[in-house]
Amino acid sequence: MVDEIIKSMQSKMDKTVDALKKDFGTIRTGKANPMMVEDVRVDYYGTLTPLNQLGKIACPEPRVILITPFEKGMLKDIEKAIFAASLGLTPNNDGSSIRINIPELTGERRKELAKVVKQKAEEKKVAIRNIRRDANDELKKHQSEMSQDEMKGHQDKIQKITDSYIAKLGDLEKEKEKEITTL
């Protein structure tokens with residue numbers, strides 16, 4: 001029973017770490033990254049569809065994203081969706097594909113992005129703590145089945161696991177900040 005609570009907690013925490021990695025992938029660092037645009041929603045015959053399902057996204061050069069749609073008729077819609085996503089990117093339509101040149105980040109923009117990174121990491125740390133709280137609440141429901149020492153031991157184990165996940169998030173945050181602030 002305790003093992004199930006801990007496995008469930010770790011699974012949720014793993015998903016939180018993955019979500020942070022995905023969030024960080026969408027943050028511009030001055031280098032082209034397909035993740036920056038792959039979740040942009042495009043109106044595809046009345047359905048909002050992620051861009052990565054409508055075409056091939058590649059980075060042929062360090063500062064260029066190349067989008068080659070499966071249907072050439074989608075070029076205008078993809079272009080509109082990228083503008084509407086407010087990513088600060090300007091798509092260039094050449095008739096068969098869309099090129100997006102990634103501009104160099106200014107010092108001020110780097111500071112803004114570093115704040116965004118901190119904010120997203122803090123949101124995920126709060127989520128990890130909420131998962132810990134839920135696991136502890138679940139454990140308390142079974143308090144009558146164990147001694148106080150066992151209960152305390154399980155709570156300590158949950159806390160150690162939580163600390164390790166918060167450290168992972170902290171490492172990811174530092175890594176992304178370094179990536180952003182390095183010229």
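Not measured: the values here are computed from a predicted model. (Residues numbered from 1 in each chain as written. Predicted model: local features only at pLDDT ≥ 70, side-chain atom pairs only at ≥ 80, totals over all residues. Heavy atoms only, no water.)

A. Spatial organisation of the overall build of the protein chain. In terms of regular secondary structure, the protein chain is built from 4 helices and 6 strands. Reading the secondary structure of the protein chain in the N-to-C direction produces α-β-β-β-β-α-β-β-α-α. Out of the 183 residues in the protein chain, the part that is buried amounts to 39%. Per element, the accessible surface of the protein chain, about 10800 Å² overall, is 50% carbon and sulfur. Where the 34 positive side-chain charges of the protein chain centre and where its 31 negative ones centre are 4 Å apart. (Helix = DSSP H or I, 4+ residues; strand = E, 2+ residues; numbered from the N terminus. Buried < 20%, exposed > 50% of the residue type's maximum accessible area, 1.4 Å probe, protein only. Areas by Shrake-Rupley, 256 points an atom, 1.4 Å probe, with all protein chains shown as cover. Lys, Arg positive; Asp, Glu negative; His and termini not counted. Charge placed at Lys NZ, Arg CZ, Asp CG, Glu CD.)

B. Structural detail: the domain arrangement of the protein chain. Taken domain by domain, the protein chain holds domain 1 (1–27 + 106–182) and domain 2 (34–101). Taking only C-alpha atoms into account, the centre of domain 1 sits 33 Å from that of domain 2. Contacts between domain 1 and domain 2 engage 4 residues on the former and 4 residues on the latter. Summing the contributions of domain 1 and of domain 2, the shared interface buries around 350 Å²; its carbon and sulfur component is 53%. It is K22, G25 and T26 that lose the most area in domain 1 upon contact with domain 2, and together they represent 88% of the buried surface on that side. Our count for the contact surface shared by domain 1 and domain 2 stands at 0 salt bridges. Here domain 1 and domain 2 share 0 residue pairs in polar contact (both at pLDDT 80 or more) between them. Grouping the constituent residues of the side of domain 1 that touches domain 2 by class yields no nonpolar, 2 polar and 2 charged. (Domains from an automatic or database assignment. Contact = heavy atoms within 4.5 Å. Buried area = accessible area lost by both parts, 1.4 Å probe. Salt bridge = Lys/Arg side-chain N within 4 Å of Asp/Glu carboxyl O. Polar contact = N/O pair within 3.5 Å; in protein donor to acceptor, adjacent residues only side chain to side chain. Nonpolar A, V, L, I, M, F, W, Y, C, P; charged D, E, K, R; others polar.)

C. Structural view of helix α1 (residues 2–25). Taking 1.5 Å as the rise per residue, α1 with 24 residues should run 34 Å; its terminal C-alpha atoms sit 35 Å apart, in good agreement. Among the residues making up α1, those that are buried are V2, I5, I6, M9, M13, T16, V17, L20, F24 and G25. Contacts made by the buried residues of α1 are with α3 (107–141) and α4 (148–181). (Expected span 1.5 Å × (residues − 1).)

D. Seen up close, the packing of aromatic side chains. Considering all chains together, one arrives at 1 aromatic pair under this definition. Taking the centre distance of 4.8 Å and the plane angle of 70° together, the rings of Y44 and Y45 count as edge-to-face. According to the relative accessible area criterion, Y44 is partly exposed, its value standing at 25%. For K168, the ring lying beneath its charged end belongs to Y165, and the centroid distance is 4.3 Å. (Phe/Tyr/Trp six-rings, centres within 6.5 Å; stacked < 30°, edge-to-face > 60°. Lys NZ or Arg CZ within 6 Å of the ring centre and 35° of its normal.)

E. Structural context of the packing of α1 against α4. Contact pair α1 / α4: the axes reach a minimum separation of 11 Å and the direction vectors enclose 10°. What the angle tells us is that α1 and α4 run roughly parallel. Taking contact as the criterion, the partners of V2, I6, M9, Q10, M13, D14, V17, L20, K21 and F24 in α1 are, on α4, H154, K157, I158, I161, T162, Y165, K168, L169, L172, E173 and K176. Broken down by class, the residue content of the contact of α1 with α4 amounts to 12 nonpolar, 3 polar and 6 charged. (Axes fitted to C-alpha atoms, helices over the stretch in contact; angles between N-to-C directions. Parallel < 35°, antiparallel > 145°, perpendicular 65-115°, else oblique.)

F. Focus on the side chain of T49. Take T49: it is sitting in strand β2 (residues 47–50). There is a polar contact of 3.2 Å between the side chain of T49 and the backbone oxygen of T47. Beyond its immediate sequence surroundings of up to four residues, T49 is in contact with V40, R41, V42, Y44 and L54.

G. The arrangement of the environment of I166 in detail. Within the element layout of this structure, I166 appears in helix α4. The sequence separation of I166 and K176 amounts to 10 residues, and the corresponding C-alpha distance is 15 Å. Each residue touching I166, except ones within four places of it in the same chain, is listed here: K125, I128 and R129.

H. Expanded view of the pattern of salt bridges. Enumeration according to the criterion identifies 12 salt bridges in this entry. For R110, the salt bridge goes to E104, with nearest N and O atoms at 3.0 Å. Beyond isolated ion pairs, a larger network of salt bridges with shared partners links K118, K125, E173 and E177.

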